[in-house]
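Listed below, chain by chain, are the residues.
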Amino acid sequence: MIYSMTGYGRASAVCGGREITVEMRSVNARYFEYSSRIPRNCAFLDSRLKALLNSRIARGKVELTLTVQNTEASDMAVAVDMELARSYQQALRDMSESLGVKNDITAGLLARFPDVLVARQAPVDEEQLWSDVSDVAALALQRFVEMRGVEGAKMLADIAARLDTVEACVDRVESLSAGRVEKYTQRLYERLKVILEDRSIDDARVLTEAAIFGDKTAVDEETVRLRSHIAQYREILGSDQPVGRKLDFLTQELNREANTIGSKCQDLDITRVVVDMKAEIEKIREQIQNLE
C-alpha cells in the first residue's frame, strides 16, 4: 500500500484516573524526523513514543502532542520542610525575647514563610502510565496511518494514469520514429534535384547521408529504457515497502531519457510528443514528493 507523507491522527481516553490525549501530524521530509510536546513529568515517555511512531512511519516530519490530566485526584502533593519551619520558629522566639514583644507564632504564620510548604509531584508508576499512554498513542497512530493511506491511494491512482500517458507517448515516438529515415531520404533527394538540376544524383552518397542521419537520430535505446523504467515504476508502486526514494530516482531516469529523445529528434511531431511526455513526468515527480 502506498502512503502519503502528510497525515493527522488523534485519540483520547480516560485511563487510571487520567484523561490522556495524543495528537500527531506530519508533513513532507526526506527522512523520518520526530518532535514532540510532552508534559515535563512525562518526559521519560518521549523515546518510547518516538520508537512507536518510527515502527509505522519511514519518512516524514512528525510532530506529536501529549496531554495528561488527572480526573480523580491531583498529581501534586504538598510537603512541609519541618527543619526550615523550626528555624523560622526559633528565630521568631529569639526576636520576641530580644525585643520584649509578644510571641504569637502560629502554624499559619510559619506557613507564609518562603519554602516552608513545598508542592511536589506525586510519585508516578511509570510503567502503568506508559501502558495507558501507549494504548492511546497506538489508536492515534492507527488513525494517522489510515489517513495517510487514503491520501496515498489517491496519489497512486493519479500516478498510474500518468504512467499510462507516458507509455502512450513512447508508443507515439516509436511510431513517428519508424519512418524518419525514409522521410529524410526523400527530402534529401528533393533538395538535391533542385540544387543539381539536370545533373545526376549520387544514390550511394544519399544513402550514406541517410544512414548517418538514422544513426544520429535513433531513439530505440531510449524508448526501450523508458519502457523498462515504466515497468519498474509499476512494480514498485505495487510494493508494500516505502517507495518514495526509489521512485524519485526512477523519475529522474524517465526525464533523462525523454530529454535525450528531445535532443536527438529533428521531427516537429516527435518534439511535440516529447513535450507532452515531459509534462506528465513532471506531474508525476510532484506527486511522488509526497509519498513515503
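The structure we're discussing is the one just above.
Let me begin by describing the structure that accompanies this report. Only a predicted model underlies this, so the values are computations on that prediction, with no experimental measurement involved.

**Observations regarding helix H7 (residues 220-237)**
Reasoning step 1: In this model, H7 (18 residues) spans 26 Å end to end at C-alpha, consistent with the 26 Å of a helix rising 1.5 Å per residue.
Reasoning step 2: Along H7, the positions that sit buried rather than exposed are Glu222, Thr223, Leu226, His229, Ile230, Tyr233, Ile236 and Leu237. All buried residues of H7 project into a common sector of 145° when viewed along the axis, lining one side. Exposed residues lying more than 90 degrees from the buried face of H7 are Glu221, Val224 and Glu235.

**Considerations on the pairing of strand E2 (residues 18-27)**
Reasoning step 1: In the sheet, strand E1 (residues 7-15) pairs with E2 via nine bridges, with the strands oriented antiparallel. Directly across from Cys15, in E2, lies its bridge partner Arg18.
Reasoning step 2: Bridge count between E2 and strand E4 (residues 60-70): ten bridges; the pairing is antiparallel. Looking at E4, one finds that Val27 is bridged to Lys61.

**A closer look at the pattern of salt bridges**
Reasoning step 1: According to the stated counting rule, one finds 18 salt bridges in the structure shown.
Reasoning step 2: A salt bridge links Asp158 to Arg162, with the shortest nitrogen-to-oxygen separation between them at 3.1 Å. Taken together, the positions of Asp158 and Arg162, both in helix H4 (residues 126-178) and four residues apart, correspond to about one turn of that helix.
Reasoning step 3: The partly exposed category is assigned to Asp158, whose relative accessible area is 22%.
Reasoning step 4: Notably, a salt bridge pairs Arg225 with Glu222, separated by 3.7 Å at the nearest N-O pair. Of this pair, Arg225 and Glu222 both sit in helix H7, three residues apart, roughly one helical turn.
Reasoning step 5: Accessibility expressed as a relative area gives 34% for Arg225, which makes it partly exposed.

What counts and what doesn't
Residues numbered from 1 in each chain as written. Predicted model: local features only at pLDDT ≥ 70, side-chain atom pairs only at ≥ 80, totals over all residues. Heavy atoms only, no water. Helix = DSSP H or I, 4+ residues; strand = E, 2+ residues; numbered from the N terminus. Expected span 1.5 Å × (residues − 1). Buried < 20%, exposed > 50% of the residue type's maximum accessible area, 1.4 Å probe, protein only. Arc of directions from axis to C-beta. Pairing = 2+ DSSP bridges. Salt bridge = Lys/Arg side-chain N within 4 Å of Asp/Glu carboxyl O.

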